[in-house]
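Listed here are the chains, written in short residue letters.
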Amino acid sequence: MFLSAEDFATVVRSTPLISIDLIVENQAGEFLLGLRTQRPAQNFWFVPGGRVQKDETLERAFARLTEAELGQRFTLSDGEFYGVWQHFYDDNFSGPDFSTHYVVLGFRLRVDAAKLQLPDAQHSDYRWLTPEQLLARDDVHDNSRAYFLADKADKVIGL
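Residues numbered from 1 in each chain as written. Predicted model: local features only at pLDDT ≥ 70, side-chain atom pairs only at ≥ 80, totals over all residues. Heavy atoms only, no water.

- As recorded by an unreviewed UniProt entry, the chain carries the name GDP-mannose mannosyl hydrolase and is attributed to Buttiauxella agrestis ATCC 33320.
- Turning to the chain, the UniProt record has this under Catalytic activity (unreviewed entry): "GDP-alpha-D-mannose + H2O = D-mannose + GDP + H(+)".
- As recorded by UniProt, the Subunit (unreviewed entry) comment attached to the chain reads in full: "Homodimer." (UniProt positions renumbered as here; feature names shortened; annotations may be inferred.)

## Brief notes about the layout of surface pockets
- Taken as a whole, the largest pocket holds about 740 Å³ of empty space.
- Lining the largest pocket we find 33 residues, and of these Arg36, Gly50, Arg51, Tyr102 and Gln122 sit closest to its centre.
- Listed by contribution, the elements that provide at least two residues to the lining of the largest pocket are helix H1 (5-14), strand E1 (17-25), strand E4 (49-51), helix H2 (58-70), strand E5 (80-89) and strand E6 (100-110).
- Here the residues of the lining of the largest pocket sort into 17 nonpolar, 10 polar and six charged.
- Of the pockets and cavities examined, the second largest pocket occupies roughly 200 Å³.
- Residue lining of the second largest pocket: 12 residues in total, with Leu3, Val11, Arg51, Val52 and Lys54 positioned closest to the centre.
- Among the secondary structure elements, those contributing two or more residues to the lining of the second largest pocket are H1 and E1.
- Among the residues forming the lining of the second largest pocket, the class breakdown is eight nonpolar, two polar and two charged. (1 Å grid on protein atoms, 1.4 Å probe; cavity = no way out; pocket = protein on both sides within 12 Å on 5 of 7 lines; lining within 4 Å. Points joined across faces, edges and corners; volume = space filled by probe spheres on them. Helix = DSSP H or I, 4+ residues; strand = E, 2+ residues; numbered from the N terminus. Nonpolar A, V, L, I, M, F, W, Y, C, P; charged D, E, K, R; others polar.)

## Digging into the packing of aromatic side chains
- Within the structure shown, the criterion is met by seven aromatic pairs.
- Ring centres of Tyr82 and Trp85 lie 5.8 Å apart, and the angle between their planes is 25 degrees; this geometry places the pair in the stacked category. For the pair Tyr82 and Trp85, one class covers both residues: buried.
- Of the aromatic side chains, those joined through ring pairs into one cluster are Phe62, Phe81 and Phe107. (Phe/Tyr/Trp six-rings, centres within 6.5 Å; stacked < 30°, edge-to-face > 60°. Buried < 20%, exposed > 50% of the residue type's maximum accessible area, 1.4 Å probe, protein only.)

Written out as C-alpha cells, the structure is:
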C-alpha cells in the first residue's frame with residue numbers, strides 16, 4: 001500500500017515505523033554501506049534496508065527490500081535474524097519539522113558481492129568495510145555502527 005506524502009507524514013509523526021535493516025557481508029568479511037541521499041540519516045553511511053509496508057508479510061518485505069536495495073532478490077530464509085533495534089532521528093523524510101522512530105528488525109545476509117546490482121535510488125555510493133574500518137569512521141551513522149559494537153548497546157532484544 002502506498003501512501004500520499006501527506007498521509008505518510010501523519011503516520012511518521014504519530015507512530016513508530018517497522019523496518020528491516022540488512023547487515024550484508026561479502027566473502028571477505030566486509031559489510032556493505034551506502035551513502036544515504038535522503039532523510040533521515042542523509043549524508044551518512046548506512047546499511048541497506050527499508051520499511052515494512054501495511055499488509056506486507058515479513059517474507060514479502062524482505063524479498064522486495066533485497067531486490068530494491070541490492071538488485072538481487074533474497075528470501076527471508078537466506079538471512080539470519082540478528083535482533084531488534086530502535087532508531088530515533090530528529091528529522092524525517094520531508095524535513096526537520098518532526099522526528100522519526102523506527103523499530104528495526106536486523107537480518108545478516110551473506111552474499112556473493114559480484115552478483116549484486118546496487119541501485120542508486122537511496123544511496124549515491126557504496127563501500128565494503130570491515131567492522132573495524134566502519135567503527136573508526138565518523139561518517140558511519142551510529143544506528144549502523146550499533147550492529148558492529150561488541151556489546152550492541154542499542155540493541156533491544158538479543159539472539
